[in-house]
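Architecture at a glance
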Amino acid sequence: MKALRLEHWQSPAVLRDVDRPEPGPGEVLVQVGGAGACHSDLHLMHEFGEGQLPWSPPFTLGHENAGWVHTLGDGVTGLEPGQPVAVVGAWGCGTCERCRADLETYCDHPERTRAPGGGGGLGLDGGMAEFLLVPDARHLVPLPDGLEPVHAAPLTDAALTPYHAVRRSWGKLGPGATAVVIGVGGLGHLGIQVLHATTAARIIAVDPRESARDLAKRSGADLVLAPGDALAATVREATGGIGADVVLDFVGSDETLLSAAAMVRQLGDLTLVGLGGGTLPVSFFSPPYEVSVQSTYWGNRHELVEVLDLASRGLLHAEVRVFGLEEAVTAYELLAAGAIDGRAVIAPNTEYRP
Ligand code: FEH
Ligand code: ZN
Ligand code: ZN
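Only a predicted model underlies this, so the values are computations on that prediction, with no experimental measurement involved.

Conventions adopted
- Residues numbered from 1 in each chain as written.
- Chains lettered and ligands numbered in written order.
- Predicted model: local features only at pLDDT ≥ 70, side-chain atom pairs only at ≥ 80, totals over all residues.
- Heavy atoms only, no water.
- Axes fitted to C-alpha atoms, helices over the stretch in contact; angles between N-to-C directions.
- Helix = DSSP H or I, 4+ residues; strand = E, 2+ residues; numbered from the N terminus.
- Parallel < 35°, antiparallel > 145°, perpendicular 65-115°, else oblique.
- Contact = heavy atoms within 4.5 Å.
- Nonpolar A, V, L, I, M, F, W, Y, C, P; charged D, E, K, R; others polar.
- Donors = N, O, S within 2.8 Å, 3.2 Å for Na, K, Ca; no water.
- Expected span 1.5 Å × (residues − 1).
- Buried < 20%, exposed > 50% of the residue type's maximum accessible area, 1.4 Å probe, protein only.
- Arc of directions from axis to C-beta.
- UniProt positions renumbered as here; feature names shortened; annotations may be inferred.
- Phe/Tyr/Trp six-rings, centres within 6.5 Å; stacked < 30°, edge-to-face > 60°.
- Lys NZ or Arg CZ within 6 Å of the ring centre and 35° of its normal.
- Pairing = 2+ DSSP bridges.

1. Let's talk about the packing of helix 4 (residues 160-167) against helix 9 (residues 301-312)
Packing of helix 4 against helix 9 brings their axes to within 10 Å, and their N-to-C directions diverge by 105°. Classified by the angle their axes make, helix 4 and helix 9 are roughly perpendicular. Residue-level inspection shows Leu160, Tyr163, His164 and Arg167 of helix 4 in contact with helix 9, the latter providing His302, Glu303, Leu304, Glu306, Val307 and Leu310. Tallied by class, the residues present in the contact of helix 4 with helix 9 amount to five nonpolar, two polar and three charged.

2. Looking at the coordination of the zinc ion (ligand 2)
Within the first shell, the zinc ion (ligand 2) binds the protein through Cys38 (SG), His63 (NE2) and Asp157 (OD), at distances of 2.0 to 2.3 Å. Written as a sequence motif, the donor arrangement for the zinc ion (ligand 2) is C-x24-H-x93-D. Residue histidine 63 is found in the loop between strand 4 (59-60) and strand 5 (65-72), and its partner aspartate 157 is found in the loop between helix 3 (149-152) and helix 4; the two are separated by 94 residues along the sequence.

3. Here we look at helix 9
For an α-helix, the turn length of 3.6 residues means that residues three or four places apart are oriented alike. Under the 1.5 Å per step criterion, the end-to-end length of helix 9 is 16 Å for 12 residues, consistent within 8% with the ideal 16 Å. Among the residues of helix 9, those classed as buried are Glu303, Leu304, Val307, Leu308, Leu310 and Ala311. Down the axis, helix 9 shows its buried residues gathered within 155° of arc, on one side only. Next to the buried residues of helix 9 lie strand 6 (84-87), strand 10 (140-142), helix 4 and helix 5 (186-198). Following helix 9 by one or two positions, glycine 314 has its phi on the positive side, about 75°.

4. Regarding the coordination of the zinc ion (ligand 3)
When a metal carries six donors in an octahedron, the ideal angles between them are 90 or 180 degrees, while four donors in a tetrahedron ideally lie at 109.5 degrees. Listed as protein donors to the zinc ion (ligand 3) are Cys93 (SG), Cys96 (SG), Cys99 (SG) and Cys107 (SG); their distances from the metal cover 2.3 Å. In terms of primary sequence, the donors binding the zinc ion (ligand 3) are separated according to C-x2-C-x2-C-x7-C. Pair noted here: cysteine 93 is in the loop between strand 6 and helix 2 (97-100) and cysteine 107 is in the loop between helix 2 and strand 7 (119-120), with a separation of 14 residues, a long-range link.

5. Section: the UniProt feature "domain: Enoyl reductase (ER)" (unreviewed entry) in the protein
Here the UniProt feature "domain: Enoyl reductase (ER)" (unreviewed entry) sits at residues 2-346. Helix makes up 25% of residues 2-346 and strand makes up 24%, while its end C-alpha atoms are separated by 12 Å.

6. Some points on the packing of aromatic side chains
Within the structure shown, the criterion is met by seven aromatic pairs. Considering the side-chain rings of phenylalanine 284 and tyrosine 289, the 5.5 Å spacing of their centres and the 70° angle between planes classify their relative orientation as edge-to-face. A relative accessible area of 43% means that tyrosine 289 is categorised as partly exposed. Among the aromatic residues, those joined into a cluster by ring pairs are Trp9, Trp55 and Phe59. Just above the ring of phenylalanine 131 sits the side chain of arginine 20; from NZ or CZ to the centre is 4.5 Å.

7. Let's talk about the sheet that holds strand 4
Across the sheet, which stays open at both edges, the three strands sit in the order 2-1-4 with antiparallel pairing between neighbours. Pairing within the sheet leaves two strands with one partner each, and these edge strands are strand 2 (14-17) and strand 4. Judged from the two bridges that link them, strand 1 (residues 2-6) and strand 4 form a sheet pairing that is antiparallel. By the bridge assignment, arginine 5 is partnered in strand 4 with threonine 60.

Following this line, the structure appears as structure tokens:
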């Protein structure tokens, strides 16, 4: 089968012919209907080096996946060939306290796994291929009726990650509150939709690209702004001088983090989601008093079930641009050039074939 491979750190992905995997006991072979192109993959290709993450190439890319159950390994029950499913991306050990609590993103014993803290597309073979081998049926969530894998795939990361990030702040996002989304890309546009669907907050979105600001408006933002020196002052003015209750930084650069710290109000939440590599100095007087600064990593199965339910009710909808597997390299080139609005999704298969 064809697969888009990351063969070395700091090297472009290449399309190769590889053996189609066969599921062993407890495993499930999924025919891939959609694999989202995440901005994090660009960091894997062009920036990260050996030792930066607890796993290494070579592996097949694609950690945002959905498709159809194709072949069940011995002992797998509860799933049927042809059933459309979303793939929960973080594959923990499954037996520690965190994994038993469905927090596999924060597995206590990653050394028991083949890609500590990773999963398909992050250290293990992912979904940018005709088939994806999933190590345990617990990592599969049946799709709601009417939701096709090509549209469900972005929900497993580009929606799930913001959903997990927003959830921690739900108590601060009641009527009269303000949330700011910095960066309206694949995750940011769905982060706006998550805020709109699950909170009463007014939403301010920030992005340098006019097309992204238009997408932010379509996604439910109340006010869209371009970044610049006056950004924090503009947000403070828009909030009557008090600042934003929650700021979600989907970029994560030095600049965006400093801007976030300048616009968040006392007792607010500043959540770092983007892998921009930025850092933020923290002192007694900055960020404002009792601001909670937190990173966040992906999301887990129970949250994906909630995200898929929101999507099935029309409350979340990923704007996707679909590419064939043969066009996957081009999709990443367009992503790197800032030419993708919403999410680029690679569709190795357009329908289920037994
Ligand atoms: C990928 C690689 C490393 C850290 C975080 C990520 C996210 O894109 C996972 O969704
Ligand atoms: Zn990702
Ligand atoms: Zn574990």
